[in-house]
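Each chain, written out:
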Amino acid sequence: MDTQPTALTQRPQWAALQAHAGRIARTHLRELFAADPARGQRLSAEGAGLYLDYSKQRVDEDALRLLLELAEACGLPARTAAMFAGERINRTEDRSVLHVALRMPKGERLEVDGVDVVAQVHEVLDRMAAFAERVRGGQWTGHSGKRIRNVVSIGIGGSDLGPVMAYEALRDFSRRDMHFAFVSNVDGTDFSEAVRGLDPAETLFIVCSKTFTTLETLANAHAARAWCLDGLGGDDAAVAKHFVAVSTNADGVRDFGIDTDNMFGFWDWVGGRYSMDSAIGLSTMIAIGPENFRDMLAGFHAMDVHFRDTPFERNLPVLMALVALWNNNFLGAETVAVLPYAQYLKRFPAYLQQLTMESNGKSVTLDDRRVDYQTGPVYWGEPGTNGQHSFYQLIHQGTRLVPCDFIGFCEPLSPLHEQHDLLMANLFAQGEALAFGKTADEVRAEGVAEALVAHKTFEGNRPSSTILAQKLTPHALGALVALYEHSVFVQGVVWDIDSFDQWGVELGKVLAKQTASELGADSPPELRHDSSTNELIRRYLDQRGSR
């Protein structure tokens, strides 16, 4: 692998940014705001119903100009056009990247290899809607004729994280007389707890696996099949009334016992972590209804249009991406904290972990060179205000620089409006405190004993952005997810990596298959791993007890 300097670090804009970072490191956010009283208004942008305030980031006009010039130099306009045109920008897998087609309105056209993929998308959406209405309306019944009251979605990775996050985020819009559960972990506890107390006669399983070969998903699907048949008298015909599939493997689906008329497909140009608005979202559509699901797609599409058509200096995904790149590559920040001040978004940070880190956790450029710069940072977070009583201490006074994304909504979904004001007061206060801190002199002026002054001083100068929307609706959720999707894409373009493959997950899968056969052997297997792995396997086999 070539270890020579990459094209990125040889660009004049990169060198200029490095030099500028050295200068701005000595400039506090207090100074930046003092020098520009209108900074809070100027360093903001809005689109698709979202408002982004990035004025508390440690950037000035020169940094922003250089970052925008870098994006242009790296070919962002052409790469963006190529993605929207359906070109095969996923080079290592020779695939188009067309999650944007999943939310294009009916009637628009986008041809890939001579096929109008938008028409295909809406054909599946219409089938999903018809099925969802039958389940929600009680026309779809189980094997014994009982109405379906429980929906359990089985998947892993993008086939699980998106649907789980969307269900939790839009729970206020969901059918409250139905129960929804999600199973992903091959740990049997996950399945057992998901179905505990459920009646098989009233339970529908959605098995989400594009290839219908994913080991974890198939293991849980077979556990569900056995559980269902055990509760319904063992009649194999029951499977067709209690299982549907989101897959492209008709033979595998049929062999499982699922009627292929109840198989909902998607395409190889839909990556797992970009699939929550495809048929993978069937559980979401059943929960919130087809109309709300389409509203979510409209939110996605509104952000797609904003990203595609808005000049970079006012473009939310571009600005978010370049600020994150600035923090990562020039200010030395290694993580990003995502802090939604909305309990319904409690699974949003976990969803973003896959979207960001599986996409941009790469160390090889598109022309096969080893990168000589940092790529994707670690994303993490929890809802506010819980995190304030947990890890915010490190963000405020620790030694690490942790940029933050605060997310809030102007109107609550809860009837407890006064508590929403308190929630949002905390969001605004945290961003202010991180940016401006409290000087030693300000602490002394409060009469604090000198021995405690250093402990109660807040350095500030901790960067954050704030995203505001009117209300957490399906439309707002779609726009928010698309905002981060396109931000990930922009960073990948600048870093010159393939944001749409995930070869890093493959090696562990291959080794797990080999090890699983050894653990299931009738006699002690001949182990050929390293000494550590061999000893761990022997210890496990010795101590696992009888099955």
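Residues numbered from 1 in each chain as written. Predicted model: local features only at pLDDT ≥ 70, side-chain atom pairs only at ≥ 80, totals over all residues. Heavy atoms only, no water.

Among the nonpolar cores identified, the biggest contains 127 residues, and I286, W326, L345, F348, L477 and Y484 are the most heavily contacted of them. With 14 residues, the top contributor of residues to this core is helix 21 (residues 474-495). When residues no more than four places from it in sequence are discounted, the contact partners of W326 are L17, H20, A21, I24, R58, V59, A63, L67 and L331. Judged by nonpolar contacts, the second largest core, of 26 residues, contains A181, A221, V253 and M263. (Core = buried A, V, L, I, M, F, W, Y, C linked by side-chain atoms within 4.5 Å. Buried < 20%, exposed > 50% of the residue type's maximum accessible area, 1.4 Å probe, protein only. Helix = DSSP H or I, 4+ residues; strand = E, 2+ residues; numbered from the N terminus. Contact = heavy atoms within 4.5 Å.)

Under the defined criterion, the tally for this structure stands at 31 salt bridges. The partner of K346 in a salt bridge is E168, with the nearest N and O atoms 4.0 Å apart. Residue K346 is found in the loop between strand 10 (335-340) and helix 16 (348-360), and its partner E168 is found in helix 8 (residues 158-169); the two are separated by 178 residues along the sequence. Judged by its relative accessible area of 39%, K346 is partly exposed. The network of salt bridges with shared partners includes R103, D277, D304 and E485. (Salt bridge = Lys/Arg side-chain N within 4 Å of Asp/Glu carboxyl O.)

Another aspect to go through is the UniProt feature "active site" (unreviewed entry) in the protein chain. The UniProt feature table records "active site" (unreviewed entry) at E358, H389 and K509. These annotated residues cover 152 residues of sequence, and their C-alpha atoms sit far apart, with the largest distance between any two at 37.8 Å. Mapped onto the elements of the fold, H389 is located in the loop between strand 11 (378-380) and helix 17 (392-397). (UniProt positions renumbered as here; feature names shortened; annotations may be inferred.)

Turning our eyes to something else, we now look at the environment of A82. You can see A82 is positioned in helix 6 (residues 76-85). The buried category is assigned to A82, whose relative accessible area is 9%. A82 sits 220 residues away from A302 along the chain, and the two C-alpha atoms are 19 Å apart. Not counting the four nearest positions on each side in its chain, A82 is found in contact with E87 and I89.

What follows covers the state of the cysteines. Using the criterion set out here, one finds 0 disulfides in the structure. Cysteine C410 shares no disulfide, and the gap to the nearest cysteine sulfur, in C404, comes to 20 Å. (Disulfide = S-S within 2.5 Å.)

Take H529: it is sitting in the loop between helix 22 (506-519) and helix 23 (531-543). Side chain to side chain, H529 and E518 meet in a polar contact 2.8 Å long. The contacts of H529, once residues within four sequence positions are left out, are Q514, T515, E518, N534 and I537. (Polar contact = N/O pair within 3.5 Å; in protein donor to acceptor, adjacent residues only side chain to side chain.)

With parallel pairing, the 5 strands of this open sheet are ordered in space as 6-5-7-8-9. Where the open sheet ends on each side, the last strands, each with one partner, are strand 6 (179-183) and strand 9 (263-264). As defined by bridge partners, strand 5 (residues 150-154) adjoins strand 7 (residues 203-208) across 5 bridges and the pair is classed as parallel. Its bridge partner being in strand 7, I154 is matched across the sheet by V207. (Pairing = 2+ DSSP bridges.)

Tracing the chain through its elements places R39 in helix 4 (residues 39-42). When its relative accessible area of 3% is taken as the criterion, R39 is described as buried. Separated by 16 residues in sequence, R39 and S55 place their C-alpha atoms 6.2 Å apart. Beyond its immediate stretch of four places on either side in the chain, R39 contacts L29, L32, F33, S55, Q57 and V59. Here the side chain of R39 touches S55 through a polar contact of 2.8 Å, landing on its backbone oxygen.

This next bit is on unusual backbone geometry. For the bond running from G384 to T385, omega is 15°, close enough to zero to count as cis. Within the secondary structure layout, T385 lies in the loop between strand 11 and helix 17. The phi dihedral of D113 is positive, around 55°, even though this residue is not glycine. Mapped onto the fold, D113 is located in the loop between strand 3 (111-112) and strand 4 (115-116). Using a relative accessible area of 61% as the deciding quantity, one classes D113 as exposed. Of note, the phi angle at D368 is positive, near 75°, even though the residue is not glycine. Mapped onto the secondary structure, D368 falls in the loop between helix 16 and strand 11. D368 sits in the exposed class, given a relative accessible area of 52%.

This model, assessed by the stated rule, comprises 24 aromatic pairs. Between F131 and W140, the aromatic rings sit 5.0 Å apart at their centres with planes inclined by 70°, giving edge-to-face as the arrangement. With a relative accessible area of 3%, W140 lands in the buried category. One aromatic cluster in this structure is built from F191, F205, F212, W227, F243 and F256. (Phe/Tyr/Trp six-rings, centres within 6.5 Å; stacked < 30°, edge-to-face > 60°.)

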